[in-house]
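# Overview (structure and organization)
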Amino acid sequence: MQNPQWDPATYLTFAEERGRPFHDLLARVRTTAPRRVVDLGCGPGNLTADLPRRWPTATVEALDSSPEMVEEARALGLAAELGDVREWHPSPDTDVVVANALLQWVPEHRELLRRWTRELPAGATIAFQVPGNQGSPAHVSARQVATTTRWRERLGDALVARADVVSTPTEYGDLLAAAGCAVDAWETTYLQRLTGEDPVLEWLSGTGLRPVRTQLDDAGWREFREDLAPLLREAYPRRADGTTWFPFRRIFVVATTPQG
């Protein structure tokens, strides 16, 4: 499967709603004066920009695999680099690693977590959050459309359901505790109040449907969205006031490497 192409403007349509888990994650990071803070999967940099304000004496490093996202982040004055998280190794002075809504795109991310705990200095913090909503009506509906006769040949495994795409909080806790880390893990379901025409479709278009967008031309993308829209309207009906409730489950982990 090709790496998904990212559209910063589409992603930022729900910037406030998407940003809330990032801030809730950082609220549990207790490091006071890190030397280096790394944001893996920095996206357009709108959230990364908060890191220098939180830790003004730290060197802030940012990485993303999307040229479009890196360009946006650099426009904000961030030292963002293009790269693959699977090939990233921490500098010896890295005290905080943030991976916000990234690791669900990396099937081997559990091994990355194990490696980072070995490579990071004693007392460093790994903080990440991933979606825990692969079983939600939104994602089930998208996979249902993608596997129909009309779309299966064109999309291949773009939205193949993988039960192990992310782990549970307990599984992440076990993995990182086995590496000697102190672990804080939890999950939250946000109830997002969305507005606009087909807001859940627009939400998915900015993230979960990016692999589909990558596989299709403009006409195909429009047709896929037209097939998916009615399923999402049924699963997430519009309320009398014109808004739509969208449950948004996230899994959070903050782990501190052994003190040595």
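For every chain, the first residue of the written sequence is number 1, and numbering continues from 1 along that sequence. Local features in this predicted model are restricted to residues of pLDDT 70 or higher, and side-chain atom pairs are both shown and tallied only at a pLDDT of 80 or more, whereas totals for entire chains, interfaces and linings draw on every residue. Note that the side-chain values use all heavy atoms of the structure and ignore hydrogens as well as water.

### As for the pattern of salt bridges
By definition, a salt bridge exists where a carboxyl oxygen of Asp or Glu is found within 4 Å of a side-chain nitrogen of Lys or Arg. For the structure shown, the criterion picks out 20 salt bridges. Residue Asp227 pairs with Arg150 through a salt bridge whose shortest N-O separation is 2.7 Å. Linking Asp227 in helix α11 (residues 218-235) with Arg150 in helix α7 (residues 149-155), this pair joins segments that are 77 residues apart in sequence. Throughout this description, buried means an accessible area under 20% of the type-specific maximum (1.4 Å probe, protein chains only), exposed means over 50%, and partly exposed covers the range between. Among the residues examined, Asp227 registers a relative accessible area of 27% and is labelled partly exposed. According to the relative accessible area criterion, Arg150 is partly exposed, its value standing at 44%. The salt bridge involving Arg225 is made with Glu202; its shortest N-O contact spans 2.6 Å. Here a helix means four or more residues in a row that DSSP labels H or I, a strand means two or more in a row labelled E, and each is numbered from the N terminus.

### Quick look at the nonpolar core
Take the buried Ala, Val, Leu, Ile, Met, Phe, Trp, Tyr and Cys residues and link them wherever side-chain atoms come within 4.5 Å; each set so joined is a nonpolar core. Counting 40 residues, the largest nonpolar core has Leu209 and Phe224 as the members making the most contacts within it. Those elements that provide at least two residues to this core are α2 (15-26), β4 (94-100), α6 (137-146), α7, β6 (182-194), α9 (199-206), α11 and β7 (244-256). Among the elements that line this core, the one with the most residues is α11, at five residues. We call two residues contacting when some pair of their heavy atoms lies within 4.5 Å. In this structure Leu209 touches Ala142, Leu159, Leu201, Leu204, Trp221, Phe224 and Leu228, once residues within four positions along its chain are discounted. Ranked by size, the runner-up nonpolar core spans 27 residues in total, among them Val97, Ala99, Leu112 and Ala124.

### Here's the deal with the environment of Leu216
Counting through the fold element by element, Leu216 comes out in the loop between α10 (210-215) and α11. Spatially, the C-alpha atom of Leu216 lies 7.9 Å from that of Leu155, the residues being 61 residues apart in sequence. Setting aside chain neighbours within four positions, we find Leu216 in contact with Trp151, Arg154, Leu155, Trp221 and Phe224.

### Some thoughts on the packing of aromatic side chains
Under the pairing criterion, centres of Phe, Tyr and Trp rings, with the six-membered ring standing for Trp, must be within 6.5 Å; the plane angle then separates stacked pairs below 30 degrees from edge-to-face pairs above 60, leaving the rest tilted. All chains considered together, the criterion is met by nine aromatic pairs. An angle of 0° between the planes, with centres 4.9 Å apart, marks the rings of Trp186 and Phe252 as stacked. Here Phe252 lies in strand β7 and Trp186 lies in strand β6, a separation of 66 residues in the sequence. By relative accessible area, Phe252 is classed as buried at 0%. Ring plane angle 40° and centroid distance 6.2 Å describe the contact between Tyr190 and Phe248, whose orientation is recorded as tilted. Highlighted residues: Tyr190 in strand β6 and Phe248 in strand β7, separated in sequence by 58 residues. Under the relative-accessibility criterion, Tyr190 is labelled buried at 3%.

### Focus on the packing of α9 against α11
Under this scheme, a helix contributes an axis fitted over its contacting stretch, all axes are lines through C-alpha atoms, and angles between N-to-C directions fall in the 0 to 180 degree range. Orientation of α9 relative to α11, taken along the N-to-C sense of each, is 135°, at an axis distance of 9 Å. One way to sum up the angle between α9 and α11 is to call them oblique. Pair α9 / α11 crosses with right-handed handedness. Along its contact with α9, which presents Val200, Leu201, Glu202, Leu204 and Ser205, the element α11 presents Trp221, Arg225, Leu228, Ala229 and Leu232. Under the scheme applied, nonpolar residues are Ala, Val, Leu, Ile, Met, Phe, Trp, Tyr, Cys and Pro; charged residues are Asp, Glu, Lys and Arg; polar residues are all the others, including Gly. For the contact of α9 with α11, the class distribution of residues is seven nonpolar, one polar and two charged. In these notes the angle categories are as follows: under 35 degrees is roughly parallel, over 145 is roughly antiparallel, 65 to 115 is roughly perpendicular, and the rest is oblique. If you view the pair so one helix is near and one far, a crossing is left-handed when the near helix is turned anticlockwise from the far one by less than a right angle, and right-handed when it is turned clockwise.

### Overview of the pairing of β4
Judged by how many residues are buried, β4 sits mostly within the fold: seven of seven residues are covered. Here, any two strands with at least 2 DSSP bridges between them count as paired. Across five bridges, the pairing between strand β1 (residues 36-40) and β4 is parallel. Residue pairing across strands places Asp39 opposite Val98, the latter belonging to β4. Note: β4 against strand β5 (residues 125-131), five bridges, orientation parallel. Residue pairing across strands places Asn100 opposite Gln129, the latter belonging to β5. A crossover connection joins β4 to the parallel β5 through helix α5 (residues 109-119); in handedness this β-α-β unit is right-handed. By definition, the crossover connecting two strands over a helix is right-handed if that path, from the first strand to the second, turns clockwise as seen with the strands pointing away from the viewer.

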